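Structural description and commentary
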Amino acid sequence: MANLLNDRQFWKSTMKLAIPVAVQNMLFSSFTLVDTLFVSSLGDVSLAAVGMSSQWGMLMNMVLFGICSGTGVFVSQYWGVKDTKSIHKTLGIAITFASVISMLFFAFSFFTPQLVIGLFNKDSGVVSEGTNYLQTIAFVYPALAIGDAMGVVLRSTERVRLPMVNSAITTGVNIFLDYCMIFGKFGFKAMGVRGAALATVISSWLGVVVIVTVSVVQKNILITKFKNVFAYTKNDLKVFFSKAFPVMLNETLWGTGSFIFNLIWSNMGYEYYASITILKTFENIAFVFFVGFDSACSVMIGKSIGGGKIKQAVDDSKRFLIINPIISVIVGAVAIILRSQIVSIFDMGDNISSLTIETAKTLIVIYALSSPVRMVGFSFIVGIFRAGGDTASAAKFDLSAMWLSSLPATLIAAYMLKLPFLVCYAVMFIFEDAVKVLMCYPHYKKQKWIKPVTEEGKAKISNM
(Lines give C-alpha, C1' and ligand atoms only; values in the text may rest on other atoms or scores of the structure.)
Protein backbone atom coordinates (compact mmCIF):
# COMPACT_ATOMS: atom_id res chain seq x y z
CA MET A 1 0.00 0.00 0.00
CA ALA A 2 2.86 2.38 0.84
CA ASN A 3 4.36 1.91 -2.62
CA LEU A 4 1.05 2.66 -4.29
CA LEU A 5 0.56 5.89 -2.36
CA ASN A 6 4.19 7.01 -2.66
CA ASP A 7 3.79 8.23 -6.25
CA ARG A 8 4.41 11.97 -6.53
CA GLN A 9 3.06 12.24 -10.08
CA PHE A 10 -0.18 10.58 -8.96
CA TRP A 11 -0.67 13.05 -6.14
CA LYS A 12 0.20 15.99 -8.39
CA SER A 13 -2.36 14.93 -11.00
CA THR A 14 -4.96 14.06 -8.37
CA MET A 15 -4.74 17.32 -6.49
CA LYS A 16 -4.77 19.33 -9.71
CA LEU A 17 -8.14 17.78 -10.53
CA ALA A 18 -9.59 16.98 -7.10
CA ILE A 19 -9.14 20.29 -5.27
CA PRO A 20 -10.99 22.53 -7.78
CA VAL A 21 -13.80 19.97 -8.09
CA ALA A 22 -14.03 19.64 -4.29
CA VAL A 23 -14.10 23.42 -3.91
CA GLN A 24 -16.77 23.66 -6.60
CA ASN A 25 -18.92 21.09 -4.81
CA MET A 26 -18.28 22.78 -1.48
CA LEU A 27 -19.57 26.02 -2.97
CA PHE A 28 -22.60 24.25 -4.43
CA SER A 29 -23.25 22.57 -1.09
CA SER A 30 -22.96 25.94 0.61
CA PHE A 31 -25.57 27.11 -1.88
CA THR A 32 -27.91 24.37 -0.58
CA LEU A 33 -26.87 24.91 3.03
CA VAL A 34 -27.82 28.58 3.00
CA ASP A 35 -31.18 27.77 1.41
CA THR A 36 -31.87 25.21 4.12
CA LEU A 37 -30.72 27.48 6.96
CA PHE A 38 -32.88 30.37 5.81
CA VAL A 39 -35.91 28.16 5.16
CA SER A 40 -35.50 26.35 8.49
CA SER A 41 -36.14 29.66 10.24
CA LEU A 42 -39.64 29.53 8.73
CA GLY A 43 -40.43 26.27 10.59
CA ASP A 44 -40.84 22.50 10.15
CA VAL A 45 -43.58 22.75 7.51
CA SER A 46 -41.58 25.01 5.20
CA LEU A 47 -38.42 22.97 5.70
CA ALA A 48 -40.22 19.70 4.91
CA ALA A 49 -42.01 21.22 1.89
CA VAL A 50 -38.77 22.50 0.35
CA GLY A 51 -37.08 19.18 1.09
CA MET A 52 -39.85 17.26 -0.69
CA SER A 53 -39.74 19.60 -3.69
CA SER A 54 -35.98 19.18 -3.80
CA GLN A 55 -36.34 15.40 -3.95
CA TRP A 56 -38.42 15.78 -7.12
CA GLY A 57 -35.61 17.92 -8.51
CA MET A 58 -33.13 15.29 -7.35
CA LEU A 59 -34.88 12.70 -9.52
CA MET A 60 -34.26 14.95 -12.53
CA ASN A 61 -30.68 15.54 -11.41
CA MET A 62 -30.07 11.78 -11.30
CA VAL A 63 -31.21 11.45 -14.93
CA LEU A 64 -28.99 14.41 -15.90
CA PHE A 65 -26.14 12.85 -13.92
CA GLY A 66 -26.60 9.68 -15.95
CA ILE A 67 -26.36 11.61 -19.22
CA CYS A 68 -23.33 13.54 -18.00
CA SER A 69 -21.62 10.44 -16.60
CA GLY A 70 -22.01 8.76 -19.97
CA THR A 71 -20.67 11.92 -21.59
CA GLY A 72 -17.67 11.86 -19.26
CA VAL A 73 -16.80 8.28 -20.28
CA PHE A 74 -16.36 9.39 -23.89
CA VAL A 75 -14.89 12.84 -23.33
CA SER A 76 -12.14 11.68 -20.92
CA GLN A 77 -11.10 8.86 -23.26
CA TYR A 78 -11.26 11.12 -26.34
CA TRP A 79 -9.18 13.61 -24.39
CA GLY A 80 -6.54 10.92 -23.90
CA VAL A 81 -5.90 11.06 -27.68
CA LYS A 82 -6.87 14.78 -28.10
CA ASP A 83 -9.85 14.01 -30.37
CA THR A 84 -11.59 17.40 -30.06
CA LYS A 85 -13.96 16.74 -32.97
CA SER A 86 -15.52 13.80 -31.16
CA ILE A 87 -15.60 15.78 -27.90
CA HIS A 88 -17.68 18.53 -29.54
CA LYS A 89 -20.18 16.06 -31.00
CA THR A 90 -20.49 14.37 -27.62
CA LEU A 91 -21.22 17.77 -26.04
CA GLY A 92 -23.99 18.33 -28.59
CA ILE A 93 -25.60 14.99 -27.79
CA ALA A 94 -25.44 15.71 -24.06
CA ILE A 95 -26.99 19.19 -24.37
CA THR A 96 -29.79 17.88 -26.60
CA PHE A 97 -30.93 15.05 -24.37
CA ALA A 98 -30.34 16.86 -21.07
CA SER A 99 -32.52 19.74 -22.30
CA VAL A 100 -35.34 17.40 -23.31
CA ILE A 101 -35.32 15.76 -19.86
CA SER A 102 -35.29 19.13 -18.08
CA MET A 103 -38.31 20.38 -20.03
CA LEU A 104 -40.31 17.27 -19.12
CA PHE A 105 -39.66 17.88 -15.43
CA PHE A 106 -40.43 21.58 -15.90
CA ALA A 107 -43.86 20.73 -17.33
CA PHE A 108 -44.83 18.50 -14.39
CA SER A 109 -43.48 20.97 -11.81
CA PHE A 110 -45.09 24.07 -13.26
CA PHE A 111 -48.46 22.71 -14.34
CA THR A 112 -49.15 20.00 -11.71
CA PRO A 113 -47.18 20.98 -8.56
CA GLN A 114 -49.91 19.84 -6.14
CA LEU A 115 -49.80 16.37 -7.66
CA VAL A 116 -46.02 16.15 -7.20
CA ILE A 117 -46.02 17.37 -3.58
CA GLY A 118 -49.07 15.24 -2.79
CA LEU A 119 -47.02 12.13 -3.52
CA PHE A 120 -44.90 12.91 -0.48
CA ASN A 121 -47.38 14.25 2.06
CA LYS A 122 -51.07 15.18 2.20
CA ASP A 123 -50.75 17.84 4.92
CA SER A 124 -52.41 20.98 3.48
CA GLY A 125 -49.72 23.29 4.82
CA VAL A 126 -46.93 21.19 3.32
CA VAL A 127 -48.72 20.96 -0.05
CA SER A 128 -49.32 24.72 -0.14
CA GLU A 129 -45.73 25.65 0.70
CA GLY A 130 -44.34 22.97 -1.62
CA THR A 131 -46.47 24.22 -4.50
CA ASN A 132 -45.21 27.78 -4.05
CA TYR A 133 -41.63 26.56 -4.15
CA LEU A 134 -41.95 23.99 -6.95
CA GLN A 135 -43.69 26.20 -9.51
CA THR A 136 -40.86 28.72 -9.27
CA ILE A 137 -37.90 26.35 -8.98
CA ALA A 138 -39.08 24.63 -12.18
CA PHE A 139 -37.45 27.43 -14.19
CA VAL A 140 -34.01 26.35 -12.93
CA TYR A 141 -34.19 22.92 -14.61
CA PRO A 142 -33.14 23.96 -18.16
CA ALA A 143 -30.22 25.95 -16.70
CA LEU A 144 -29.05 22.87 -14.81
CA ALA A 145 -29.24 20.76 -17.99
CA ILE A 146 -27.09 23.13 -20.05
CA GLY A 147 -24.69 23.90 -17.20
CA ASP A 148 -24.16 20.24 -16.30
CA ALA A 149 -23.38 19.28 -19.91
CA MET A 150 -20.82 22.06 -20.30
CA GLY A 151 -19.36 21.39 -16.86
CA VAL A 152 -18.68 17.69 -17.46
CA VAL A 153 -16.82 18.48 -20.70
CA LEU A 154 -14.66 21.05 -18.92
CA ARG A 155 -13.84 18.69 -16.03
CA SER A 156 -13.20 15.70 -18.30
CA THR A 157 -10.68 17.72 -20.31
CA GLU A 158 -8.89 18.82 -17.12
CA ARG A 159 -10.28 22.37 -17.21
CA VAL A 160 -11.60 22.45 -13.67
CA ARG A 161 -10.94 26.07 -12.71
CA LEU A 162 -13.81 27.67 -14.64
CA PRO A 163 -16.55 25.48 -13.07
CA MET A 164 -15.04 26.24 -9.65
CA VAL A 165 -14.99 30.03 -10.19
CA ASN A 166 -18.49 29.89 -11.65
CA SER A 167 -19.75 28.10 -8.53
CA ALA A 168 -18.18 30.79 -6.35
CA ILE A 169 -20.01 33.52 -8.27
CA THR A 170 -23.40 31.78 -8.31
CA THR A 171 -23.15 30.83 -4.63
CA GLY A 172 -22.42 34.41 -3.61
CA VAL A 173 -25.32 35.73 -5.69
CA ASN A 174 -27.66 33.06 -4.34
CA ILE A 175 -26.83 33.82 -0.71
CA PHE A 176 -27.46 37.53 -1.21
CA LEU A 177 -30.71 37.00 -3.12
CA ASP A 178 -31.88 34.37 -0.62
CA TYR A 179 -31.53 36.86 2.22
CA CYS A 180 -33.28 39.60 0.24
CA MET A 181 -36.13 37.59 -1.23
CA ILE A 182 -37.00 35.27 1.67
CA PHE A 183 -37.04 37.95 4.37
CA GLY A 184 -37.69 41.12 2.33
CA LYS A 185 -34.40 43.00 2.69
CA PHE A 186 -32.83 45.85 0.67
CA GLY A 187 -36.15 46.86 -0.87
CA PHE A 188 -37.20 43.35 -1.94
CA LYS A 189 -40.60 41.91 -1.06
CA ALA A 190 -40.59 39.10 1.55
CA MET A 191 -41.60 35.99 -0.41
CA GLY A 192 -40.72 33.11 1.94
CA VAL A 193 -40.07 29.79 0.18
CA ARG A 194 -40.95 31.27 -3.22
CA GLY A 195 -38.15 33.78 -2.69
CA ALA A 196 -35.69 30.95 -2.02
CA ALA A 197 -36.70 29.32 -5.30
CA LEU A 198 -36.47 32.55 -7.29
CA ALA A 199 -33.00 33.27 -5.92
CA THR A 200 -31.85 29.82 -7.09
CA VAL A 201 -33.32 30.36 -10.56
CA ILE A 202 -31.59 33.71 -11.05
CA SER A 203 -28.19 32.55 -9.78
CA SER A 204 -28.29 29.31 -11.81
CA TRP A 205 -29.03 31.07 -15.10
CA LEU A 206 -26.30 33.56 -14.27
CA GLY A 207 -23.93 30.57 -14.01
CA VAL A 208 -24.75 29.50 -17.57
CA VAL A 209 -24.10 33.03 -18.83
CA VAL A 210 -20.75 33.17 -16.99
CA ILE A 211 -19.52 29.83 -18.43
CA VAL A 212 -20.48 30.77 -21.98
CA THR A 213 -19.02 34.28 -21.72
CA VAL A 214 -15.71 33.18 -20.22
CA SER A 215 -15.45 30.30 -22.71
CA VAL A 216 -15.85 32.73 -25.61
CA VAL A 217 -13.12 34.98 -24.21
CA GLN A 218 -10.77 32.07 -23.46
CA LYS A 219 -11.64 30.16 -26.66
CA ASN A 220 -11.60 26.97 -24.60
CA ILE A 221 -12.76 23.44 -25.49
CA LEU A 222 -16.45 24.45 -25.43
CA ILE A 223 -16.06 26.96 -28.23
CA THR A 224 -16.33 25.78 -31.81
CA LYS A 225 -18.68 26.32 -34.73
CA PHE A 226 -22.31 25.63 -33.89
CA LYS A 227 -22.54 22.99 -36.60
CA ASN A 228 -19.61 21.07 -35.08
CA VAL A 229 -21.51 20.61 -31.81
CA PHE A 230 -24.75 19.45 -33.38
CA ALA A 231 -23.27 17.59 -36.37
CA TYR A 232 -23.67 14.21 -34.73
CA THR A 233 -25.01 11.39 -36.91
CA LYS A 234 -27.16 8.34 -36.23
CA ASN A 235 -23.98 6.32 -35.90
CA ASP A 236 -22.61 8.79 -33.34
CA LEU A 237 -25.83 8.41 -31.34
CA LYS A 238 -25.59 4.63 -31.57
CA VAL A 239 -22.01 4.62 -30.26
CA PHE A 240 -22.86 7.14 -27.52
CA PHE A 241 -25.88 5.26 -26.24
CA SER A 242 -24.09 1.92 -26.34
CA LYS A 243 -22.09 3.21 -23.35
CA ALA A 244 -24.27 6.04 -22.05
CA PHE A 245 -27.65 4.28 -21.98
CA PRO A 246 -26.70 1.88 -19.15
CA VAL A 247 -25.52 4.88 -17.11
CA MET A 248 -28.69 6.85 -17.89
CA LEU A 249 -30.85 3.84 -17.02
CA ASN A 250 -28.75 3.30 -13.89
CA GLU A 251 -29.18 6.85 -12.61
CA THR A 252 -32.85 7.07 -13.63
CA LEU A 253 -33.76 3.86 -11.81
CA TRP A 254 -31.47 4.73 -8.89
CA GLY A 255 -33.14 8.13 -8.68
CA THR A 256 -36.55 6.47 -8.86
CA GLY A 257 -35.54 4.16 -6.03
CA SER A 258 -34.39 7.14 -3.96
CA PHE A 259 -37.70 8.82 -4.78
CA ILE A 260 -39.55 5.80 -3.38
CA PHE A 261 -37.40 5.87 -0.24
CA ASN A 262 -38.33 9.52 0.24
CA LEU A 263 -42.00 8.71 -0.21
CA ILE A 264 -41.63 6.17 2.60
CA TRP A 265 -39.90 8.68 4.90
CA SER A 266 -42.27 11.57 4.14
CA ASN A 267 -45.34 9.47 4.84
CA MET A 268 -43.92 8.46 8.22
CA GLY A 269 -44.26 12.12 9.29
CA TYR A 270 -43.15 15.54 8.05
CA GLU A 271 -41.01 16.07 11.17
CA TYR A 272 -38.99 12.99 10.25
CA TYR A 273 -38.68 14.31 6.73
CA ALA A 274 -37.51 17.68 8.03
CA SER A 275 -34.73 15.82 9.88
CA ILE A 276 -33.76 14.09 6.61
CA THR A 277 -33.57 17.50 4.92
CA ILE A 278 -31.06 18.54 7.60
CA LEU A 279 -29.07 15.31 7.10
CA LYS A 280 -29.03 15.71 3.31
CA THR A 281 -27.68 19.23 3.64
CA PHE A 282 -24.90 18.02 5.96
CA GLU A 283 -24.27 15.03 3.68
CA ASN A 284 -23.76 17.36 0.71
CA ILE A 285 -21.05 19.19 2.65
CA ALA A 286 -19.35 15.96 3.79
CA PHE A 287 -19.54 14.49 0.31
CA VAL A 288 -17.21 17.13 -1.17
CA PHE A 289 -14.27 15.30 0.41
CA PHE A 290 -15.06 12.31 -1.80
CA VAL A 291 -16.48 13.80 -4.96
CA GLY A 292 -13.22 15.60 -5.75
CA PHE A 293 -11.20 12.40 -5.51
CA ASP A 294 -13.76 10.36 -7.46
CA SER A 295 -13.92 12.99 -10.19
CA ALA A 296 -10.12 12.92 -10.43
CA CYS A 297 -10.27 9.11 -10.38
CA SER A 298 -12.72 9.03 -13.28
CA VAL A 299 -10.78 11.51 -15.44
CA MET A 300 -7.37 9.95 -14.78
CA ILE A 301 -8.53 6.37 -15.35
CA GLY A 302 -10.52 7.28 -18.46
CA LYS A 303 -7.64 9.27 -19.92
CA SER A 304 -5.15 6.45 -19.26
CA ILE A 305 -7.38 3.76 -20.78
CA GLY A 306 -8.17 5.95 -23.78
CA GLY A 307 -4.45 6.44 -24.34
CA GLY A 308 -3.68 2.72 -23.93
CA LYS A 309 -1.98 3.04 -20.52
CA ILE A 310 -3.83 0.15 -18.90
CA LYS A 311 -1.41 -0.60 -16.02
CA GLN A 312 -1.43 3.03 -14.93
CA ALA A 313 -5.24 3.01 -14.88
CA VAL A 314 -5.31 -0.13 -12.71
CA ASP A 315 -2.70 1.24 -10.28
CA ASP A 316 -4.60 4.53 -9.96
CA SER A 317 -7.85 2.67 -9.25
CA LYS A 318 -6.16 0.82 -6.37
CA ARG A 319 -4.91 4.09 -4.93
CA PHE A 320 -8.37 5.64 -4.91
CA LEU A 321 -9.88 2.55 -3.27
CA ILE A 322 -7.43 3.06 -0.40
CA ILE A 323 -7.83 6.83 -0.09
CA ASN A 324 -11.64 7.11 0.04
CA PRO A 325 -12.30 4.80 3.03
CA ILE A 326 -9.56 6.52 5.03
CA ILE A 327 -11.10 9.93 4.38
CA SER A 328 -14.60 8.67 5.18
CA VAL A 329 -13.51 7.32 8.58
CA ILE A 330 -12.00 10.69 9.49
CA VAL A 331 -15.02 12.68 8.28
CA GLY A 332 -17.41 10.27 9.98
CA ALA A 333 -15.62 10.49 13.33
CA VAL A 334 -15.69 14.29 13.25
CA ALA A 335 -19.40 14.26 12.33
CA ILE A 336 -20.31 11.99 15.25
CA ILE A 337 -18.36 14.10 17.74
CA LEU A 338 -19.86 17.40 16.48
CA ARG A 339 -23.37 16.18 15.62
CA SER A 340 -25.10 18.36 18.23
CA GLN A 341 -23.32 21.47 17.02
CA ILE A 342 -24.04 20.61 13.37
CA VAL A 343 -27.77 20.16 13.93
CA SER A 344 -28.07 23.24 16.16
CA ILE A 345 -27.07 25.42 13.19
CA PHE A 346 -30.45 24.64 11.60
CA ASP A 347 -32.43 25.75 14.67
CA MET A 348 -31.32 29.35 14.79
CA GLY A 349 -34.92 30.58 14.63
CA ASP A 350 -36.11 28.18 17.37
CA ASN A 351 -38.91 27.01 15.03
CA ILE A 352 -37.73 23.40 14.66
CA SER A 353 -39.32 20.75 16.88
CA SER A 354 -37.28 18.70 19.35
CA LEU A 355 -38.30 15.51 17.50
CA THR A 356 -36.76 16.84 14.29
CA ILE A 357 -33.57 17.93 16.07
CA GLU A 358 -32.99 14.66 17.96
CA THR A 359 -33.79 12.53 14.92
CA ALA A 360 -31.34 14.50 12.80
CA LYS A 361 -28.55 13.88 15.34
CA THR A 362 -29.09 10.12 15.17
CA LEU A 363 -29.28 10.19 11.37
CA ILE A 364 -25.81 11.76 11.27
CA VAL A 365 -24.46 8.87 13.36
CA ILE A 366 -26.05 6.31 11.03
CA TYR A 367 -24.62 8.10 7.98
CA ALA A 368 -21.14 8.38 9.51
CA LEU A 369 -20.96 4.69 10.44
CA SER A 370 -22.06 3.56 6.97
CA SER A 371 -19.92 6.04 5.06
CA PRO A 372 -16.68 3.99 4.61
CA VAL A 373 -18.52 1.12 2.93
CA ARG A 374 -20.73 3.50 0.92
CA MET A 375 -17.74 5.38 -0.47
CA VAL A 376 -16.01 2.18 -1.60
CA GLY A 377 -19.12 1.23 -3.56
CA PHE A 378 -19.36 4.73 -5.01
CA SER A 379 -15.72 4.54 -6.12
CA PHE A 380 -16.28 1.18 -7.83
CA ILE A 381 -19.37 2.34 -9.73
CA VAL A 382 -18.67 5.99 -10.59
CA GLY A 383 -14.91 6.39 -10.39
CA ILE A 384 -13.68 3.09 -11.83
CA PHE A 385 -16.18 0.96 -13.78
CA ARG A 386 -17.76 3.84 -15.71
CA ALA A 387 -14.43 5.49 -16.44
CA GLY A 388 -13.15 2.15 -17.70
CA GLY A 389 -16.06 1.94 -20.15
CA ASP A 390 -17.93 -0.86 -18.35
CA THR A 391 -21.13 1.09 -17.81
CA ALA A 392 -23.35 -2.00 -18.09
CA SER A 393 -21.78 -3.80 -15.12
CA ALA A 394 -21.81 -0.58 -13.09
CA ALA A 395 -25.55 -0.29 -13.69
CA LYS A 396 -26.17 -3.98 -12.90
CA PHE A 397 -24.41 -3.87 -9.53
CA ASP A 398 -25.74 -0.45 -8.50
CA LEU A 399 -29.36 -1.23 -9.31
CA SER A 400 -29.31 -4.78 -7.96
CA ALA A 401 -28.12 -3.54 -4.56
CA MET A 402 -30.94 -1.01 -4.42
CA TRP A 403 -33.91 -2.71 -6.10
CA LEU A 404 -33.30 -6.33 -5.13
CA SER A 405 -31.90 -5.78 -1.64
CA SER A 406 -32.22 -2.37 0.01
CA LEU A 407 -35.66 -1.26 -1.20
CA PRO A 408 -37.46 -4.57 -0.43
CA ALA A 409 -35.75 -4.76 2.98
CA THR A 410 -36.80 -1.21 3.83
CA LEU A 411 -40.40 -1.73 2.68
CA ILE A 412 -40.63 -4.86 4.82
CA ALA A 413 -39.14 -3.04 7.81
CA ALA A 414 -41.49 -0.05 7.45
CA TYR A 415 -44.81 -1.61 6.42
CA MET A 416 -44.73 -5.26 7.47
CA LEU A 417 -42.62 -5.19 10.61
CA LYS A 418 -43.58 -1.55 11.35
CA LEU A 419 -40.17 -0.80 12.82
CA PRO A 420 -39.29 2.70 14.07
CA PHE A 421 -38.18 5.31 11.52
CA LEU A 422 -34.51 5.30 12.56
CA VAL A 423 -34.26 1.51 12.32
CA CYS A 424 -35.79 1.60 8.83
CA TYR A 425 -33.31 4.25 7.76
CA ALA A 426 -30.40 2.12 8.99
CA VAL A 427 -31.80 -0.91 7.13
CA MET A 428 -31.71 1.10 3.89
CA PHE A 429 -27.95 1.74 4.25
CA ILE A 430 -26.98 -1.76 5.41
CA PHE A 431 -28.81 -3.66 2.68
CA GLU A 432 -27.53 -1.41 -0.11
CA ASP A 433 -23.90 -0.52 0.56
CA ALA A 434 -22.56 -3.82 1.89
CA VAL A 435 -24.29 -5.82 -0.85
CA LYS A 436 -22.96 -3.49 -3.54
CA VAL A 437 -19.33 -3.83 -2.42
CA LEU A 438 -19.61 -7.62 -2.23
CA MET A 439 -20.84 -7.71 -5.84
CA CYS A 440 -18.35 -5.19 -7.21
CA TYR A 441 -15.11 -6.50 -5.73
CA PRO A 442 -14.81 -9.82 -7.69
CA HIS A 443 -15.58 -7.98 -10.95
CA TYR A 444 -12.93 -5.39 -10.16
CA LYS A 445 -10.29 -8.02 -9.39
CA LYS A 446 -10.86 -9.74 -12.76
CA GLN A 447 -10.32 -6.36 -14.54
CA LYS A 448 -13.33 -6.98 -16.77
CA TRP A 449 -14.26 -3.32 -16.34
CA ILE A 450 -11.53 -2.15 -18.75
CA LYS A 451 -13.41 -1.50 -22.01
CA PRO A 452 -11.83 1.29 -24.12
CA VAL A 453 -13.79 3.35 -26.67
CA THR A 454 -10.70 4.66 -28.51
CA GLU A 455 -8.70 2.73 -31.10
CA GLU A 456 -5.49 3.20 -29.07
CA GLY A 457 -7.08 1.67 -25.98
CA LYS A 458 -8.62 -1.21 -27.93
CA ALA A 459 -5.28 -1.98 -29.60
CA LYS A 460 -3.54 -2.15 -26.22
CA ILE A 461 -6.16 -4.48 -24.77
CA SER A 462 -6.00 -6.81 -27.78
CA ASN A 463 -2.23 -7.11 -27.39
CA MET A 464 -2.31 -7.93 -23.68
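Residues numbered from 1 in each chain as written. Predicted model: local features only at pLDDT ≥ 70, side-chain atom pairs only at ≥ 80, totals over all residues. Heavy atoms only, no water.

1. Considerations on the overall build of the protein chain
Under the convention used in this document: Segments assigned H or I by DSSP are reported as helices when at least four residues long, segments assigned E as strands when at least two residues long, and all are numbered from the N terminus. Taken over C-alpha atoms, the radius of gyration is set against a globule rule of 2.2 Å times the number of residues to the power 0.38. Any residue under 20% of the maximum accessible area for its type is buried, any over 50% is exposed, and the rest in between are partly exposed; the area is computed with a 1.4 Å probe on protein chains only. We call two residues contacting when some pair of their heavy atoms lies within 4.5 Å. Each accessible area value is a Shrake-Rupley result obtained with a 1.4 Å probe; residue values ignore everything except the protein chains displayed when judging cover. This count recognises Lys and Arg as positive and Asp and Glu as negative, with His and chain-terminal groups excluded. Lysine's charge is taken at NZ, arginine's at CZ, aspartate's at CG and glutamate's at CD.
When helices and strands are tallied, the protein chain shows 18 helices and zero strands. Computed over the C-alpha atoms, the radius of gyration of the protein chain is 22 Å, within 12% of the 23 Å expected from 2.2 N^0.38 for a compact globule of 464 residues. Along the first, second and third principal axes, the C-alpha atoms of the protein chain reach 65 × 50 × 40 Å. Taken over 464 residues, the protein chain has a buried fraction of 56%. At a minimum sequence separation of 6, the contacts of the protein chain that also span at least 24 residues come to 84%. Within the structure as shown, the protein chain displays about 19100 Å² of accessible surface, and the carbon and sulfur contribution to it stands at 67%. Distance between charge centroids for the protein chain: 11 Å, based on 38 positive and 25 negative side chains.

2. Regarding the pattern of salt bridges
To keep it simple, the criterion reads: For this document, the term salt bridge refers to a Lys or Arg side-chain nitrogen within 4 Å of an Asp or Glu carboxyl oxygen.
Scanning the model with the defined rule gives 12 salt bridges in all. The closest approach of N and O atoms between K280 and E283, which form a salt bridge, is 3.9 Å. Taken together, the residues span about one helical turn, with K280 and E283 both in helix α12 (residues 270–306) at a distance of three residues. With a relative accessible area of 28%, K280 lands in the partly exposed category. For E283, a relative accessible area of 14% corresponds to the buried category. Residue R374 pairs with D433 through a salt bridge whose shortest N-O separation is 3.0 Å. Note that R374 is positioned in helix α15 (residues 354–385) and D433 in helix α17 (residues 421–445), a separation of 59 residues in sequence. Take D433: its relative accessible area is 4%, and that puts it in the buried class. Within the structure, one salt-bridge network assembled from shared partners comprises R374, D398, E432, D433 and K436.

3. Regarding the environment of L104
Following the sequence through the fold, L104 ends up in helix α4 (residues 84–111). For the pair L104 and W403, spaced 299 residues apart in sequence, the C-alpha separation works out to 25 Å.

4. Concerning the packing of aromatic side chains
Convention followed: Only centres within 6.5 Å qualify two rings of Phe, Tyr or Trp (six-membered ring in Trp) as a pair; their planes then separate them into stacked at under 30 degrees, edge-to-face at over 60, and tilted for everything else.
Under the criterion given, the structure shown has 28 aromatic pairs. For the ring pair F106 and F139, a centre distance of 5.0 Å and an interplane angle of 75 degrees mean the geometry is edge-to-face. Residue F106 is located in helix α4, and its partner F139 is located in the loop between α6 (124–137) and α7 (141–156); the two are separated by 33 residues in the primary sequence. For F106, a relative accessible area of 14% puts it in the buried group. Relative to Y425, the ring of W265 lies with its centre 5.1 Å away and its plane at 50 degrees, an arrangement referred to as tilted. Of this pair, W265 sits in helix α11 (residues 234–266) while Y425 sits in helix α17, and the two are 160 residues apart along the sequence. We classify W265 as buried; its relative accessible area is 2%. Residue classification places Y425 among the buried residues on the basis of a relative accessible area of 1%. Cluster of aromatic residues (ring-pair linked, three or more members): F261, W265, Y272, F421, Y425 and F429.

5. A short note on the packing of α6 against helix α9 (residues 193–218)
Quick reminder of the rule: Helix axes use the C-alpha atoms of the stretch in contact, all axes being lines fitted to C-alpha atoms, and the angles between their N-to-C directions lie in the range 0 to 180 degrees. What sets the label is the angle itself: under 35 degrees gives roughly parallel, over 145 gives roughly antiparallel, 65 to 115 gives roughly perpendicular, and the rest give oblique. When the near helix sits turned anticlockwise from the far one by under a right angle, the crossing is termed left-handed; a clockwise turn instead gives a right-handed crossing. In the scheme used here, Gly and all other residues not listed as nonpolar or charged are polar, with Ala, Val, Leu, Ile, Met, Phe, Trp, Tyr, Cys and Pro taken as nonpolar and Asp, Glu, Lys and Arg as charged.
Where α6 contacts α9, the two axes come as close as 8 Å, and the packing angle between them is 15 degrees. The pairing of α6 with α9 is recorded here as roughly parallel in orientation. Remark: the crossing between α6 and α9 carries right-handed chirality. When α6 is examined against α9, the residues E129, N132, Y133, T136 and I137 are found in contact with a partner set consisting of V193, R194, A196, A197, L198, T200 and V201. For the contact of α6 with α9, the residue count by class is seven nonpolar, three polar and two charged.

6. Examining the nonpolar core
Counted only if it meets this: Throughout this description, the term nonpolar core refers to a set of buried Ala, Val, Leu, Ile, Met, Phe, Trp, Tyr and Cys residues connected via side-chain atoms within 4.5 Å.
Among the nonpolar cores identified, the biggest contains 135 residues, and Y141, W265, F380, I384, F385, Y425 and W449 are the most heavily contacted of them. With 18 residues, helix α3 (residues 44–80) is the largest single contributor of residues to this core. Those residues within four positions of Y141 in sequence are excluded, and the remaining contacts are W56, G57, M60, S102, F105, F106, S109 and L134.

7. Focus: unusual backbone geometry
A negative phi holds for most residues other than glycine; trans holds for most peptide bonds. The backbone of K82 shows a phi angle near 55 degrees, a positive value even though the residue is not glycine. Phi angles above zero are rare outside glycine, and E158 is one such case at about 65 degrees. Take E158: it is sitting in the loop between α7 and α8 (161–183).

8. Comments concerning the packing of α3 against α11
Two packed helices can be described by the angle between their axes and the distance between those axes. Relative to each other, α3 and α11 sit at 160 degrees, their axes nearing to 8 Å. The orientation of α3 with respect to α11, classified from their angle, is roughly antiparallel. In this structure, α3 crosses over α11, and the sense of that crossing is right-handed. Of the residues belonging to the contact of α3 with α11, the class tally is 16 nonpolar, 11 polar and two charged.

9. Structural notes on a nonpolar patch on the surface
Let me state the cut-off plainly: Patch definition: residues with relative accessible area over 30% and no salt bridge; like charges joined within 9 Å; nonpolar side chains (Val, Leu, Ile, Met, Phe, Trp, Tyr) joined within 5 Å.
Where nonpolar side chains cluster on the molecular surface, the patch consists of F245, L249, L253, W403 and L404 and spans about 470 Å² of accessible area. When residues of the nonpolar patch are traced back to their parent elements, those giving at least two are α11 and α16 (391–416). Among the elements that make up the nonpolar patch, the one with the highest residue count is α11 (three residues). Mapped onto the secondary structure, L253 falls in helix α11.

10. What to know about the environment of F293
Looking at the element boundaries, F293 is found in helix α12. Note: C-alpha distance between F293 and G383 (90 residues apart in sequence) is 8.6 Å. When residues no more than four places from it in sequence are discounted, the contact partners of F293 are W11, T14, M15, A18, F320, I323, N324 and I327.

11. Section: α17
Under the convention used in this document: The span you would expect from a helix comes to 1.5 Å times its residue count less one.
A rise of 1.5 Å per residue sets the reference length of α17, with its 25 residues, at 36 Å; its end C-alpha atoms lie 37 Å apart and thus fit the reference within 8%. One or two residues past the end of α17 sits Q447, with phi positive at roughly 60 degrees.

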